[in-house]
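Spelled out from the first residue to the last, the chains are:
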Amino acid sequence: MTLKICCIGTSHLGCLKSGWETLAPSHPEVAMTFFGAPNSGLTELISDVALSDGQIIPRTQMLAQYFQFTSGGHTNIHVKDYDAFAIIGCGVGLTPLFDIYQTHRSDGMTTEEAIFVSQNCLLDTARGVFLGSTASKYSKAIKSLTNAPIFIIPDPRPSIAVLDQDGSPNRIWDHYIRLIKKLHLNNDGRLVCDLFRQSLSALAHVGAKVIDASGSMVSEHIFTPDELCRGSVWLQNGAYEQSPSIDFFHMNGQFGGKMLTAVIKQLPNGAFQVENTV
Amino acid sequence: MNSPYQGLPQKSFWKTAVDEVHPLALDELYKKKFDIHPDHKIATGGSCFAQHVASRLRTSGYAVMDKEPAPIGMPKELATHYGFGLYSARYGNIYTAKQLLQLSREAFGQIRPSLPVWTRPDGRLVDAQRPNIEPKGFGTEEEISLHRRHHLSHVKTMLSDMDVFIFTLGLTESWAHLESGTIYPTAPGTIASPPQGIDVADFEFVNFSANETVEQFKAFRELVQQSNPKCKFILTVSPVPLTATASGQHVAVATMYSKSALRAAAGELYGAFDDVDYFPSYEIINSPITRGFFFDKNMRTVSSQGVDFVMSRFLCEHPPVGQQTIGGVAAEVDLSCEDALLEAFS
């Protein structure tokens, strides 16, 4: 019996797709279908969907085109066609915690100029962000139609190589590189990572299980080892492409393969365990 | 000999200003005493109604200060529960002029209010001066002390930097610790209780007079202007009746006393100082001129249309900055009101 897995994601779908190309021969029992679209600046194209008649339907032509391309011909996601779902990124990741860190801190963090708030405040903020995310929205939509397991793979941590960068010609990456370097310099990585991991539990409320990278896939709490970033693949410009050499935020097929392996390991039993990670 | 009333403008006569005018067309209710410039830093504080003022000024393009904004991405409803975005710092509701004076003195390091930590029924601790800003409470007194220290630094900065302070006088009734005179925004036992060994009998119910309110606000003004001489003030009286009274009188009677005292105090301050203006939100909502139709069914909460009408009168004199237009229904503001919690005791 073929296990049909639906992967949904943003530009980070690239690493899963790339990973699957290597993995697929060793998993003949699995059929993987991808649906994705990159963000356009800070706009999430993939969020513009409607749920109708058991299908997740793109509401823009661009998204429909991306769905058609990434899935190999389907415009809509027929939810009941799949035995499991994996959603990558879509608002779940360390980025919201980095955003919070810009202006706020709790006890133990060292950004003196930041506004001092309780850890509960930061935790509740992160939980709120994740519950309001596109990943959460997809989860709820899927859950309303099927009991198939849903896994959320957070946005990858940035490559540790960002620490060697002075900045980036890409405005958004430049902002985060500087912020992350400051965070690292302040030795606040562990605290931020702890907050992140604690806040992921909120996604259980939308019926999803989070599969976060850990062990050898994480470096100094908030980074990914650079070897999992080099040769990164992203979904962009209507295709899967090698992402630019200045991109330290997208990962390669090796990363994607490891995450998909973790997803497959959860199946076909699909029994949820608390924070099972790679 | 001509009467001194001869030649007065139409707004001076009930017949021409009210009787012959549609209530929504009432004009010249408010004439500003001074301008608010687009680059003026506006700070706000007061009782629940003041939250509407802050919100509407922000959407009208004014530079309303927020020294303790919510973390980026925090959902709006959650932010309200944590006391973010209600006023210019995270002090929660300030119901009386005495409470305002006390907070300011504390911010400038002049006093230290007594019994700073109270305990909730669930065992969690609260900052007694702002019991509602941490939904899950605090674990230790040290935490509260640390958080309060940071908060007060922001309050001090706010008081020192603001160009205009808009304060909504809400109540005259309050509760004071007998021994120290410290005022609290909620009565002991409402949300939380003072430390063990301290009884309700250690507190007294106080109902400030107009004169006391005047003196308290004068002291506040003087304190602020020591470090911020350019600061101006706009007073308004909350039109929202009391949720409950501990005065022994009928709540409608107690409300009238409270609002009358506050209105008289505001009027006296308006007359005494060039830098104190008065905006008649109380009259617009409460007086017979608007027939009470800006209240919700409970005759206590002000409808969003009422808030909108009140603010439209304000914005007639202080026009929105940029392309914003006057009018339209005010965005629903999720108010945070300890005062309203007293209803649970009814």
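Just so it is clear, the model here is predicted, and its values are computed rather than measured.

Draft legend 1. Summary view of the environment of Val92 of chain A. Residue and element names in this part refer to chain A. Within the element layout of this structure, Val92 appears in the loop between strand 6 (84-88) and helix 3 (95-103). Remark: the alpha-carbon pair of Val92 and Ala126, spanning 34 residues in sequence, is separated by 9.3 Å. Not counting residues up to four positions away in its chain, the partners in contact with Val92 are Phe130, Ser133, Ala135, Ile152, Pro154, Asp155, Leu200 and Leu203.

Draft legend 2. Region of interest: the environment of Gly128 of chain A. Position of Gly128 of chain A among the secondary structure elements: in helix 4 (residues 119-131). Distance from Gly128 of chain A to Ala202 of chain A, taken between C-alpha atoms, is 8.2 Å for residues 74 residues apart in sequence.

Draft legend 3. Fine view of the packing of helix 4 (residues 97-107) of chain B against helix 6 (residues 210-227) of chain B. All names here are of chain B. Running from N to C, helix 4 and helix 6 cross one another at 25°; their axes reach a closest spacing of 8 Å. Taken together, the axes of helix 4 and helix 6 lie roughly parallel to each other. Every pair of crossing elements has a handedness; the one defined by helix 4 and helix 6 is left-handed. Contact residues: helix 4 offers Ala97, Lys98, Leu100, Leu101, Ser104 and Arg105, while helix 6 offers Thr213, Gln216, Phe217, Ala219, Phe220 and Leu223. Broken down by class, the residue content of the contact of helix 4 with helix 6 amounts to seven nonpolar, three polar and two charged.

Draft legend 4. How the structure looks around the sheet that holds strand 6 of chain A. Residue and element names in this part refer to chain A. In space, the five strands of this open sheet follow the order 2-1-6-9-10, with parallel pairing throughout. Since the sheet does not close on itself, it has two edges, and those belong to strand 2 (30-36) and strand 10 (208-210), each with one partner. Each strand of the sheet is rotated relative to its neighbour by a mean of 25°, with strand direction disregarded. Sheet topology places strand 1 (residues 3-9) next to strand 6; five bridges connect them, and they run parallel. Bridge pairing links Ile8 to Ile87 in strand 6. Seen against the sheet, helix 1 (residues 13-23) touches strand 1, strand 2, strand 6 and strand 9 (150-153) and runs at an angle of roughly 155° to strand 2.

Draft legend 5. Spotlight on unusual backbone geometry. Residue and element names in this part refer to chain A. You will see that Asp53, though not glycine, has its phi angle at about 55°, which is positive. One can find Asp53 in the loop between strand 3 (49-52) and strand 4 (55-58). Positive phi is not limited to glycine here, since Cys90 has a value of about 55°. Mapped onto the elements, Cys90 comes out in the loop between strand 6 and helix 3.

Draft legend 6. Expanded view of the packing of helix 4 of chain A against helix 7 (residues 189-199) of chain A. Residue and element names in this part refer to chain A. At their nearest, the axes of helix 4 and helix 7 sit 9 Å apart, and the two run at 55° to each other. Classified by the angle between their axes, helix 4 and helix 7 sit oblique to one another. Judged by the sense of rotation from one axis to the other, the crossing of helix 4 with helix 7 is right-handed. In this structure, helix 4 uses Gln119, Leu122, Leu123, Ala126, Arg127 and Phe130 to contact helix 7, whose residues at the interface are Leu195, Phe196, Gln198 and Ser199. Of the residues assigned to the contact of helix 4 with helix 7, the class counts are six nonpolar, three polar and one charged.

What counts as what
- Sequence order as written defines residue numbering, which begins from 1 separately in each chain.
- All chains are assigned letters beginning with A, and all ligands numbers beginning with 1, in the order in which they are written.
- Reporting in this predicted model follows two pLDDT cut-offs: at least 70 for local features of residues, and 80 or more for side-chain atom pairs to be given and counted; totals over whole chains, interfaces and linings ignore these cut-offs and use all residues.
- Hydrogens and waters are ignored; side-chain quantities use all the structure's heavy atoms.
- Per the convention used, a helix needs a DSSP run of H or I reaching at least four residues, while a strand needs a run of E reaching at least two, with both numbered from the N terminus.
- Note on contacts: a residue pair qualifies if any of its non-hydrogen atoms lie within 4.5 Å across the two residues.
- Orientation is described by lines fitted to C-alpha atoms, with helices fitted over the stretch in contact, and by angles between N-to-C directions that extend from 0 to 180 degrees.
- Here roughly perpendicular refers to angles of 65 to 115 degrees, roughly parallel to angles under 35, roughly antiparallel to angles over 145, and oblique to all remaining angles.
- Should the near helix be turned anticlockwise from the far one by less than a right angle, the crossing is termed left-handed; should it be turned clockwise, right-handed.
- Side-chain classes follow a simple rule in which Ala, Val, Leu, Ile, Met, Phe, Trp, Tyr, Cys and Pro form the nonpolar group, Asp, Glu, Lys and Arg form the charged group, and the remainder, Gly included, forms the polar group.
- If DSSP finds at least two bridges between two strands, the strands pair.

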